[in-house]
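Listed below are the residues making up each chain.
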Amino acid sequence: MGKQAICTLIALISLGCAGEGEEAPTTGGASDEASGDRRGTTGDPWRDVETKVNARSTSSFLADLGGVLFATPVPGGNGRSCATCHDPTKSFTITPAQAEARFQANPNDPLFRSIDADDFASDFTTVRTKALFRVTIPLPANVKLVDDPAATEVKLFRAVPSVFNVKLSAPYTSDGRAPTLDEQAKGALLEHSRPTNFVPPDVAFDLIALFQESKFSSAAVKSASGLLDAGQAPPPAGQDYDGPLTPLEQAGFETFK
């Protein structure tokens, strides 16, 4: 099943089906029976996804399958899944303290891969102390690097954004180069997991996007999204959707502005 077909399915169902604060499954799904149905006989939801989507297309099944893919490492990769960095138990992000705790518990955790090491080998100081990971940013045609004029891209360290409220925040990436969430999900997963002998089907990223679009930071934000879906005006500007900001959040907001 291709992009057009899955988009047709998604258009027929109600997005935002998950409740406030719902978390992605961390290993495989809501129940053993359902998990087995999603994964199929091979036990690999990535390889079975097209068969599963063709067989069943209910809204809950599609979003749930997207959650399974979100939490399952892509075949042939470095052991990472979306949930490796977008930790569903930590509001779909990760802090320096959490990164350090995971390093102390297991230095071989998939969070720590050479592509994000300071020395591209085994020095994870930046990941452990700042929870920052490398991303590749393409350079505009009229931008040249002084020390490498032929470069067409740069690699920068970036924090892990939450997936809460992404349904309302297109376009994606800091420079808006990903117009849709499925394109952003595909680019991010392929860059951070680096599969070498498996090409994930596009439908998998459509389902991951569908799963993420069901995640909201609060019931108020989810309600506002529902109003927009229904063609209605959201609550007036200035409404406190998520509760008062902490002093640290307020400082971050001022810096953002």
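Heads up: the structure comes first, above all this text.
Below, the structure is looked at part by part.

Thresholds, definitions, all that
- Residues numbered from 1 in each chain as written.
- Predicted model: local features only at pLDDT ≥ 70, side-chain atom pairs only at ≥ 80, totals over all residues.
- Heavy atoms only, no water.
- Core = buried A, V, L, I, M, F, W, Y, C linked by side-chain atoms within 4.5 Å.
- Buried < 20%, exposed > 50% of the residue type's maximum accessible area, 1.4 Å probe, protein only.
- Helix = DSSP H or I, 4+ residues; strand = E, 2+ residues; numbered from the N terminus.
- Axes fitted to C-alpha atoms, helices over the stretch in contact; angles between N-to-C directions.
- Parallel < 35°, antiparallel > 145°, perpendicular 65-115°, else oblique.
- Contact = heavy atoms within 4.5 Å.
- Nonpolar A, V, L, I, M, F, W, Y, C, P; charged D, E, K, R; others polar.

## Considering the nonpolar core
Core analysis: the largest hydrophobic core is formed by 31 residues, its most contacted members being Trp46, Val49, Val53, Leu69, Phe70, Leu207 and Ile208. The element contributing the most residues to this core is helix H9 (residues 202–212), with eight residues. Ala99, Phe124, Val127 and Phe133 belong to the second-largest nonpolar core, a separate cluster that totals twelve residues.

## Some words on unusual backbone geometry
Omega for the peptide link from Ala170 to Pro171 comes to -5 degrees, which places this bond in the cis form. Residue position: Pro171 is located in the loop between strand E2 (153–158) and helix H8 (181–193). The backbone of Ala131 sits at a positive phi, close to 55 degrees, despite the residue not being glycine. Relative accessible area serves as the criterion here: at 2%, Ala131 is assigned to the buried category. One non-glycine residue, Asn165, lies in positive phi territory at about 70 degrees. If you trace the backbone, Asn165 turns up in the loop between E2 and H8.

## Re the environment of Glu213
With respect to the helices and strands, the residue Glu213 is situated in the loop between H9 and helix H10 (219–229). Placed 48 residues apart in sequence, Glu213 and Asn165 show a C-alpha to C-alpha distance of 7.0 Å.

## Quick look at the packing of helix H4 (residues 59–71) against H9
Their axes nearest at 7 Å, the elements H4 and H9 cross at an angle of 105 degrees. The pairing of H4 with H9 is recorded here as roughly perpendicular in orientation. Counting all contacts with H4, which are made through Leu62, Ala63, Leu65, Gly66, Gly67, Leu69 and Phe70, the residues of H9 involved are Ala204, Leu207, Ile208, Leu210, Phe211 and Gln212. Among the residues forming the contact of H4 with H9, the class breakdown is ten nonpolar, three polar and no charged.

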